[in-house]
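# Inside the fold
The lines below spell out each chain.
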Amino acid sequence: MPGPADFSAIRKSTPRHKRWLTSPSTLALGVACATFFGASAAYADPVPAPSFAGPLVPNPDAIALEAGPFGQVLVSGQVTGIGVAQTNATHAGGIGNRDGFVDISNAQVQFQTTRGPLQFYVQTGIYSIPSLGTSYLKATEATEQLFGPVPVAYAKAVISPELSVSAGLLPTMVGAESTFTFQNVNIERGLLWNQEPAISRGVQVNYAKGAVSAAVSLNDGYFSGKLNWLSGTLSYAFDSSNSLSFVGAGALSRNDKSSFATPLAQNNSSIFNLIYTHTSGPLTLTPYLQYSHVGRDDQLGINRSADTYGGALLVKYAIDKEWSLGARAEYLKTSGGRCGSDASCAPTNLLYGPGSSAWSLTLTPTYQKGIFFARGEVSYTRIGNLEAGFGFGRDFDRRDQLRALIETGILF
């Protein structure tokens, strides 16, 4: 995902983006779906995807449609809005650089099948992806510049109860947080998430038996379009309350693509996680560690290697059936990337300048009643060893940012 290293690019004004929601092709697709799935609807068990880390939970009675040769198709979705107030905005154009604004955070629908040897999953709509320490992109711009109106879509072949193969637009297996707001403990994604891929095109083999689960994937990393990344994860559940996962992913070859969704340095890197989860009654703790490395590559203009070292703790506590509290604390540090006295060198920046660091605290109380929810959030981000021109504020020289957010909507 584009992170603080892309902050200078976000300052620049962007052209008015096309409104794909009202385009003839999109309207035609909607009519076709409505006609195709026009059979009688019923209710089914909760859908298995997208994943929910809580405290938000999906609608327990998903809509089930009979769709001819596809069998039963489950339909779910999210319609949510967000309001943000923040300090040290850049005031450089776009609503994300204002002191306060409101926007759509999700207007998405998912279609999926869960039976038979061949299944599918399609997620479509618009979305914003608020994350700490970066400028906010409104939903229409985020959808246009990141993963498009169909961010996740894949076919799944079920070979046996333990083994399956998925191919298409896949959620990353890297990190402890998912991409979209409703999937996570907090409204905003964290500093460590900013270093990770979010969605990749590729093929993934999944295995699960007993306490062990594993997956391996050949994919395009940071949505580059080139299948040159290898990702893998191995998890072990010690018991019903404790599990440990190791995740590793990295580029197998050089890739010169650079875009908002595909940061050049990170897309030519390797990244690793160690994730532990402990659950005790209403309390869930998820501490995890992260390391990433970008090697020197003069052909790509990466003149110096650089690394990141980080750790985070995610906390979720259910107060009762309707109220819960989420929290996150994290720290991220970079090393390397400096040029010294070499005037011809371009420094490698992975955060807020070479050698910079940052920490954050986030608190998110949540209320959910049926399919309706509302939650607030307060977050604070502080930069250490700030490089001039990469910070917060109108002149990009401020070291901290305080945000207050509210998100509300329905999960149908």
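Look up: the structure comes first, before these words.
Please read all numbers here as calculations on a predicted model, not as lab measurements.

### Concerning empty space enclosed by the protein
- Considering all chains together, one arrives at four cavities of 30 Å³ or more under this definition.
- Approximately 80 Å³ is the volume attributed to the second largest cavity.
- Surrounding the second largest cavity, Leu170, Pro171, Thr172, Met173, Pro197, Ser200, Gln204, Ser217, Asn219, Gly221, Trp229 and Ser231 form its lining.
- Residue assignment for the lining of the second largest cavity shows that the elements contributing at least two residues are strand S7 (163-171), strand S8 (199-209), strand S9 (212-219) and strand S10 (229-237).
- Residues belonging to the lining of the second largest cavity are distributed by class as follows: five nonpolar, seven polar and no charged.

### A short note on the side chain of Arg403
- Mapped onto the fold, Arg403 is located in strand S18 (residues 400-411).
- Look at Arg403 and you get buried, because its relative accessible area is 5%.
- Within the structure, the side chain of Arg403 is placed 3.0 Å from the backbone oxygen of Ser131, a separation counted as a polar contact.
- Here the side chain of Arg403 touches Gln401 through a polar contact of 3.4 Å, side chain to side chain.
- Sequence-distant contacts of Arg403, that is, excluding residues within four places in its chain, are made with Ala85, Gln86, Ser131, Leu132, Gly133, Thr134, Ser135, Tyr136, Glu188, Glu377, Val378 and Ser379.

### Things to note about the pairing of strand S3 (residues 72-86)
- Buried residues dominate S3, accounting for eleven of its 15 residues.
- Two strands pair when backbone bridges link them, and strand S2 (residues 62-66) and S3 are joined in this way by four bridges, in the antiparallel orientation. Along S3, the bridge assignment pairs Ala64 with Leu74.
- What sits between S2 and S3 in their antiparallel hairpin is a turn of five residues, with Gly68 showing a positive phi close to 55°.
- Bridge count for S3 against strand S4 (residues 100-112) is twelve bridges, and the pairing is antiparallel. Within the sheet, the bridge partner assigned to Thr80 lies in S4 and is Asn106.
- As defined by bridge partners, S3 adjoins S18 across nine bridges and the pair is classed as antiparallel.

### Quick look at the packing of aromatic side chains
- Under the criterion given, the structure shown has 14 aromatic pairs.
- Look at Phe180 and Phe182: their rings are 6.3 Å apart centre to centre, the planes differ by 5°, and that puts the pair in the stacked class. There is no split in this pair, since Phe180 and Phe182 are both buried.
- Seen in terms of ring centroids, Phe246 and Phe272 are 6.4 Å apart; in terms of plane orientation they differ by 20°. Their pairing is stacked. Here Phe246 is found in strand S11 (residues 242-251), whereas its partner Phe272 is found in strand S12 (residues 269-280), with 26 residues between them in sequence.
- The partly exposed category is assigned to Phe246, whose relative accessible area is 44%.
- Taken together, the ring pairs connect Phe52, Tyr127, Phe180 and Phe182 into an aromatic cluster.
- Sitting over the face of the ring of Phe223, Arg201 holds its NZ or CZ atom 3.7 Å from the ring centroid.

Rules used in this analysis
- All chains use their own residue numbering, which begins from 1 and follows the written sequence.
- The predicted origin of the model limits local features to residues at a pLDDT of at least 70 and limits the giving and counting of side-chain atom pairs to 80 or more, whereas totals for whole chains, interfaces and linings rest on all residues.
- Calculated side-chain values reflect all of the structure's heavy atoms, with hydrogen atoms and water omitted.
- Here a cavity denotes a set of grid points, spaced 1 Å apart and computed over the protein atoms alone, in which a 1.4 Å probe fits but from which it cannot get out, and a pocket denotes an open set meeting protein on both sides within 12 Å along at least five of seven lines; residues with an atom within 4 Å of a point are reported as lining.
- Grid points are joined across faces, edges and corners, and a volume is the space filled by probe spheres set on the points.
- Helix and strand assignments come from DSSP, with helices taken as H or I runs of at least 4 residues and strands as E runs of at least 2, each series counted from the N terminus.
- Under the scheme applied here, ten amino acids are nonpolar (Ala, Val, Leu, Ile, Met, Phe, Trp, Tyr, Cys and Pro), four are charged (Asp, Glu, Lys and Arg), and all others, including Gly, are polar.
- Throughout this description, buried means an accessible area under 20% of the type-specific maximum (1.4 Å probe, protein chains only), exposed means over 50%, and partly exposed covers the range between.
- Contacts described as polar in this section are N or O atom pairs within 3.5 Å, which, within protein, must combine one atom able to donate a hydrogen with one able to accept it, while residues neighboring in sequence count only if both atoms come from side chains.
- Throughout, a residue-residue contact means that at least one pair of heavy atoms, one from each residue, lies within 4.5 Å.
- Whether two strands pair depends on DSSP finding at least two bridges between them.
- Side-chain rings of Phe, Tyr and Trp, where Trp is taken by its six-membered ring, are said to pair if the distance between their centres is within 6.5 Å; with planes under 30 degrees apart they count as stacked, over 60 as edge-to-face, and otherwise as tilted.
- In this analysis the charged atom, NZ for Lys or CZ for Arg, is taken to sit over a ring once it is within 6 Å of the ring centre and within 35 degrees of the ring normal.

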